Structures are given as structure tokens and as C-alpha cells.
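Residue strings, one per chain:
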Amino acid sequence: MDALKPGTNVDIQRSDGRVHSAVISGVDEETGSVTVEWFEHGETKGKEIEVEAIVSLNPELFRGSQNNRSQSSKSSKNVQKELVPKETPRITKIPSARAPRSSYARAPSKNGLPDNDCDFVKPAEPLNKKLNVNVNVNVAASARRKSNCVKEVEKIKQDREDRRKAQANRREQIFTEVDTTHPNWQFLQMIEEFRCGIEFKPITNSEVIDDHQISVCVRKRPLNKKELAKREVDVLTIPNKENVFIHEPKLKVDLTKYLENQNFRFDYAFDDSATNEIVYRYTARPLVECIFERGMATCFAYGQTGSGKTHTMGGVFNGKTQDCSNGIYALAANDVFKLLHSKYQKIDLLVSASYFEIYSGKVFDLLNKKSKLRVLEDGKQQVQVVGLKEEHIEKVEDVLKLISNGNSVRTSGQTSANQHSSRSHAVFQIILRKRGFKKLYGKFSLIDLAGNERGADTSSADRQTRMEGAEINKSLLALKECIRALGRKGAHLPFRASKLTQVLRDSFIGDKSRTCMIAMVSPGMNCCEHTLNTLRYADRVKELGPGGPVEGKPANIIQPRDVPLSPQNSDLAMLKTANEEDITDELLNFHEVVNQMQELEEEVIDEHKIISDGYQTWSKEDKKLLHMTETVDYDVESYARQLDSLIGRRIDQLTQLREKVQTFRMELQEEENLSKNMKQGKRPPNK
């Protein structure tokens, strides 16, 4: 290596066989290579060459100076003997080994030998000797070590070939091991073949947490006992932390089975081995500190009934009992108290919690005997939940107790997918206020949404089921549009379209608002349609966030023709404009009628309460008049006048209530007719 120094001229061989001179520009002793440069066609070129290749072409650089001189003198004598006749001696120029080399490229001459500046012409060698020389040169060239770049390329190629070979072996193994008695063994085989062609790298605790104002994640649950007993096929594949593949079974016209593999990409994707702690680390945990900076944080769990929403938010079910200690509710509360007593201790904040549910457009307090609440707007257009109970909390155990008490009275039902099917949206809020102040400082809303498949039950024969489906349908679409508006500054916020978004209005306003949605998906083949709908919904929420294709411009609102444009119906019209595929004209008309029916219901109930509370006043007035008649000389005319006035007031109130009840009954009948027309596929008649 001492002979190889920057600035030394050496001979190199190109890939096309040409040999020319170049200058060493750098030496790397660790890799055993040198970098050379030369001037060709008006520009400087360079490459990296192994030391062995330099030695094979430039052996004279590594010989001693004595050997060089002796060999030089010998070669000069031999050349003189061969080329110069004895009778005509003359002086010849012999190139010295130490002579400076030219730095330009030299192409081989016509006779196959390199051009030289000597005065003599070397006689042609015998053919067999020339062939031997060429063979030796080729053998030496093939024996040289390749450059680092070539070795890396060959290594990648070899790894690829080994991987393909392993995949081919795995496919053969799948074909031999597949259980042909399985009812869907062909689909199972195709899914396994697909998985053999991708690399799996599931998310771990060591991944970098990205900062998003709107974050959308997907969590896959494992197959449950019922699905395993039915030999369900797992149609979901989550190979890494971002991608989700769903393998939708299909049949061709000739009944040939095939798969339609659809790929979705989200901020984070969790496979069936992920725990609640891992899910919390990448979803709700980054939002906790936001509420200590006067922000509003919101975390939703969305998906089909039985997909694991309540399991993720509330905790693991052991039979009929729920362990709330490892749900996102408790994990978030634990981090809130940690920050409260460490980093933000000087602010002197108080922590309280509320827990309520939204069922069929009505709000019920789960911490106060499930009492019904009113949602109103004050003079400053701030939404207030009137009568909502807030419990002061000081430790995680307090949160677990509130969640346990609230879940015990939450509206639920039993379905084929789950014994504890959630039929309502459950909203648990952690609220921060400064000590001695009533003004809100920060709020973290954790929402366990109702099953999204219930949103399609608007054509059910049962009115209560239809009302459930209508409200869930509206709330999910309105929620998506509100998240869109959060990502697009200045866009209209359609919070009045549903009770859920109306209650959470302040969570979608301001630069410090942050939202995370966890889409829960079921892996079974029978749930494939619902799972695909969930993934599409979550995908649309994310693509419509910051940087999305429709960013910066809110949807145009189309005025409905048939129903007067109230604030609620105005926001519904916006949902229709932005979701043409999801909301047909019939469905929009149905939702508007349901809105009117719910408003009339509230008016009837309020009027009835007023009359009911007035019974005590009426009773006192009756007793007063009757007491007047007990005197001997009471004023008969005054008694008759007061009684007539009292009866008239009662008749007016009861008549007014009756008219509202009759209108309410008409709305109920119209809703019934609309649902029948939707069920039969008929277009409802125009009013």
C-alpha cells in the first residue's frame, strides 16, 4: 500500500477490456480499495478499484528499485538483440518503468497492442503464445475481487433469490398442509399464498410517535371462540405499522373463486397481538399533554358491534365482569395525574370527570341514575349540557369506580356477535379547571361509539330500532364532517347535524384541538362487509384531513325543497352534499322527518310537564273557590266568574297540548310511511 499514493499514475482496465492510464485520488485501507480518476472526452471520470486489480496491472510499482533496474537493463538488451540487426546497429528508445505515464485514455490499436511512443515496432508474436497470454489475462481478470458496489448488488440479488425460494417452498408446504375439509379451504389457501409474498414487521413499543392533529389508526381483534368453532377464515392481514390488507372473497360468473385484495394505509395499524397498552401509546397518550396547554383532545373508538371498542376503551372482559384497569380510560387518567403532580404542578389544577351516553338522540347521565339531560345553546352560542354531573377525582381508582358504575347502567343489548353490544355512544370526559375558577381549562373526551352496522337499520320494522339506526347514521356522518372541518381551517362545522357532534362542538374548534380515531375491525369472513365499510370510513376521515384532496374549501349546501331549513336540517343538507353515495334523497328526507319528530317530542314533553306541575296550582285555586262557597253570603257571581276563568285557562293549555300531540302523531305516521317506502325501495311522495 505504500506504493499507492494520491497522485500516482497507474494502469487500469475498463469493463469493456480497454487498458489506460489513470491517477490515484484516494486510498481506503479499510476496504482495500483505491479511487482513480482520468480525463476522457473532455470530462473527468472516476471509479473505485480493488488493490488486487491495481497490483495485477501494475506489478512494477511493488518491486524494489534494484530489481527494476536489472530487469530494465535485461529487457533493453533483449530488445536490442531482437529488433536491431548486427550489421546495422543503431540507438533505440526503450520505455523506462519509471517514465511518466500519460493521463489520457488510450484505445487499443488495430493490431491488438497498445500504441507507444517508441521508435521501433515490435514484431508480431506467435499465435499460440498470443492466445496463452490472452487466456492468462482473462483468468487473472476473473480472479480479481469485485468492487464494494458490485458485491452489494450481488448480495441483494442473492437475498432476493433466497427469499423467493423460501416463499416457493412455503407455498408448496401450504398446498400440502391445507385442510381440504375446510368449507373455505380455497380462500384460505389463496390468503396464505398472499401472505407468503409480503414481509411482516408488526408495530412495537420502540417506534417513533408522529405528531398529528388528526390521527387515524386501525386495530384488528383476534378470532373469538365462536368464530374458531365455526372455522372462520381470517381475511385481514396487517404486515407492518401502517398497512392493512383485506382479502374479500369473490365469485366469477363461472363460479370460480378468487380474492380481491384491497390495501389501506393509516397512521398506525395494530394486529391481533397488540395489547391495550401498545394501542394507547400511539393513540391517546400523545393527546394527554394537549389538555394541559388549554387544548381539547378527543379519542374515538369506531367499528362494528363485537369488534373490540368497549374492550379497548373500557378494559378487558373476564366473563360478564370488566377489568377497567387496562382500558384507555384508566391509562389516560393515570397519565393525567402523573403530569398534574410533576410537570404542571404549579398551575394548581383540579380534575373532574363526567360520564354520559347518547341514545336515539337523547342524552342520559350515567353518573346520576341515568337521568335525562338537555343540550342547549346559550347566548354566546356555546353548547351546554344542562344538569350534567361532574365528579371530583384525585386518583386512578376514582376513575375506575366511575367507569364501572356508568357501564353497569349503560344501554346495551345482546347480538350474535357480542353479549354486551353497545347500542349508544358513551362519552367519558376528563375536565381540568383552575382552583377557584369555573372556566374550563382543558378537556379530554374519550368516546366509545355505537356499532356502525346499526346505522343501516333505518328500514327496520321496529320504530325504536329505526330511531337507533337513524341517530347512529347521522352521528357518524356528522362526526366525519366535523373532523374534516377541523383539518380545513375556516370550514363550516356541521355540529348541529347530530346530538353527538353538538355535545362535542368545542372539541372541533381551535388550533389546539387534536383528534384520534381508532377503527376497530373484525377479522372473520362473515364480517368482511362491515370490516370493509369501517376501513373505508376511516380512510375517508384521514384523506380529508390536513393536506387532503379537498382541503381548504367547505362543501356547498343545497337547500332542501320539502322541509323548512332549520339549523339541524341545514347541517343535514351539508352532509348530503358531501356524502352523495351514503345519503340518498330518500334517506335525507327520512332524517329530516326524524329531526322534526324529535323536536316535537321535546315540545310535547315540556308542555306536559308544565301542565303536570300546574296541577298543584289548580288544586289550590279549586280549594280556594270551594272554600268561598262555604260561607253563608258568598258572592255567587264572583265565584262563577273565577271558575269560568279557571276552566278557560285549563282548556286553553290542554287544547294547545292536544294540538301538539296530534301533530306529533302525524309525524310518527309519516316516519312510519317513509320507512316502509324505503324498505320496499319506493320513492316517498312529495309533500
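Residues numbered from 1 in each chain as written. Predicted model: local features only at pLDDT ≥ 70, side-chain atom pairs only at ≥ 80, totals over all residues. Heavy atoms only, no water.

This part takes up the overall build of the protein chain. Broken down by element type, the protein chain carries 17 helices and 22 strands. For the protein chain, the proportion of its 687 residues judged to be buried stands at 42%. In the protein chain, 66% of the contacts between residues at least 6 apart in sequence involve partners at least 24 apart. (Helix = DSSP H or I, 4+ residues; strand = E, 2+ residues; numbered from the N terminus. Buried < 20%, exposed > 50% of the residue type's maximum accessible area, 1.4 Å probe, protein only. Contact = heavy atoms within 4.5 Å.)

Together, Asp2, Asp28, Glu29 and Glu30 make up a negatively charged patch on the protein surface. By secondary structure assignment, the location of Asp28 is in strand β2 (residues 19-28). Take Asp28: its relative accessible area is 33%, and that puts it in the partly exposed class. (Patch = residues over 30% accessible without salt bridge, like charges linked within 9 Å, V, L, I, M, F, W, Y side chains within 5 Å. Areas by Shrake-Rupley, 256 points an atom, 1.4 Å probe, with all protein chains shown as cover. Salt bridge = Lys/Arg side-chain N within 4 Å of Asp/Glu carboxyl O. Lys, Arg positive; Asp, Glu negative; His and termini not counted. Charge placed at Lys NZ, Arg CZ, Asp CG, Glu CD.)

Turning to unusual backbone geometry, a few remarks are in order. Residue Ser360 is not a glycine yet carries a positive backbone phi of 55 degrees. Here Ser360 shows up in the loop between β13 (349-359) and β14 (362-365).

In this section: the pairing of strand β1 (residues 9-13). With respect to burial, β1 is a largely interior element, four of its five residues being buried. Of the strand pairs in this sheet, β1 and β2 are connected by five bridges, and their pairing is antiparallel. Bridged to Asp11 within β2 is Ser21. Here β1 hands over to β2 after five residues, with Gly17 in that stretch at a positive phi of 100 degrees. (Pairing = 2+ DSSP bridges.)

A separate point is a positive patch on the surface. Taken together, the side chains of Arg294, Lys380, Lys434, Lys439 and Lys512 make up a positively charged region of the molecular surface. Note on placement: Lys434 falls in strand β20 (residues 425-434).

This next bit is on the sheet that holds strand β8 (residues 257-265). Strand order across the open sheet formed by three strands is β6-β7-β8, with antiparallel pairing between neighbours. Both outer strands of the open sheet, β6 (236-237) and β8, are each paired with one neighbouring strand and no more. Bridge analysis of β6 against strand β7 (residues 243-251) gives two bridges, and the strand direction is antiparallel. Paired with Thr237 across the bridge in β7 is Phe245.

Once that is clear, we can look at the packing of aromatic side chains. Under the counting rule described, the total for this entry stands at eleven aromatic pairs. Relative to Phe428, the ring of Tyr329 has its centre 5.3 Å away and its plane inclined at 45 degrees; by these criteria the two rings are tilted. With Tyr329 in helix α10 (residues 328-340) and Phe428 in strand β20, the pair connects residues that are 99 residues apart, well separated along the chain. In this structure, Tyr329 and Phe428 share a single accessibility class: buried. Between Tyr355 and Phe428 the ring centres are 5.5 Å apart and the planes differ by 80 degrees, which places this aromatic pair in the edge-to-face class. Taken together, the positions of Tyr355 in strand β13 and Phe428 in strand β20 put the pair 73 residues apart, joining distant regions of the chain. (Phe/Tyr/Trp six-rings, centres within 6.5 Å; stacked < 30°, edge-to-face > 60°.)

One ladder, built from nine bridges, connects β7 with β8; its direction is antiparallel. Along β8, the bridge assignment pairs Ile246 with Gln262. Hairpin remark: β7 followed by β8, antiparallel, with five residues in the connecting loop; positive phi at Leu255, about 70 degrees.

Attention now moves to the environment of Arg505. Within the secondary structure, Arg505 is located in the loop between α13 (499-503) and β22 (514-521). Given a relative accessible area of 16%, Arg505 falls into the buried group. The spatial distance from the C-alpha of Arg505 to the C-alpha of Val383 is 7.2 Å, given a sequence separation of 122 residues. Apart from residues no more than four positions distant in its own chain, Arg505 is found in contact with Gln381, Gln382, Val383, Leu493 and Phe495.

So, on to the confidence of the model for the protein chain. Here the protein chain averages 76 in pLDDT, while 74% of its residues score no lower than 70. Taken together, the stretch residues 76-125 has pLDDT below 50 and engages in 44 contacts with residues farther than four places along the chain or on a different chain. Under a pLDDT of 50 for its full length, residues 137-145 has, in the predicted model, eight contacts with residues more than four places off or in other chains. (pLDDT = per-residue confidence, 0-100.)

As for its position among the elements, Asp365 is in strand β14. Despite being buried, Asp365 has no salt bridge partner; Lys389 is the closest side chain of opposite charge, sitting 7.1 Å away. Looking at Asp365, its side chain comes within polar contact range of the main-chain nitrogen of Lys389, at 2.9 Å. Apart from the residues lying within four places of it in its own chain, the contact partners of Asp365 are Tyr355, Phe356, Lys370, Ser371, Leu373, Gly387, Leu388 and Lys389. (Polar contact = N/O pair within 3.5 Å; in protein donor to acceptor, adjacent residues only side chain to side chain.)

Let us now look at the sheet that holds β1. Taken in spatial order, the four strands line up as β1-β2-β3-β4 in an open sheet, and their pairing is antiparallel. Since the sheet does not close on itself, it has two edges, and those belong to β1 and β4 (43-50), each with one partner. Adjacent strand axes in the sheet meet at a mean angle of 45 degrees when their direction is disregarded. The pairing of β2 with strand β3 (residues 33-40) spans five bridges and is classified as antiparallel. (Axes fitted to C-alpha atoms, helices over the stretch in contact; angles between N-to-C directions.)

As a further point, take the pattern of salt bridges. Opposite charge on two side chains lets them pair, provided their charged atoms get close. A complete count under the given rule lists 28 salt bridges for this structure. The shortest N-O distance in the salt bridge between Lys241 and Glu207 comes to 3.5 Å. Taken as a pair, Lys241 in the loop between β6 and β7 and Glu207 in the loop between α5 (185-196) and β5 (214-220) lie far apart in primary sequence, 34 residues in all. Residues participating in the shared-partner salt-bridge network are Arg14, Asp16, Arg18 and Glu40.

Given a rise of 1.5 Å per residue, 13 residues ought to cover 18 Å, and the 18 Å separating the end C-alpha atoms of α10 matches this to within 8%. Taken across its 13 residues, α10 has eleven buried, putting it largely inside the fold. (Expected span 1.5 Å × (residues − 1).)

It is worth spelling out α5 at this point. The end-to-end C-alpha distance of α5, which contains twelve residues, comes to 16 Å, matching closely the 16 Å that a straight helix rising 1.5 Å per residue would cover. Among the residues of α5, those classed as buried are Phe187, Gln189, Ile191, Arg195 and Cys196.

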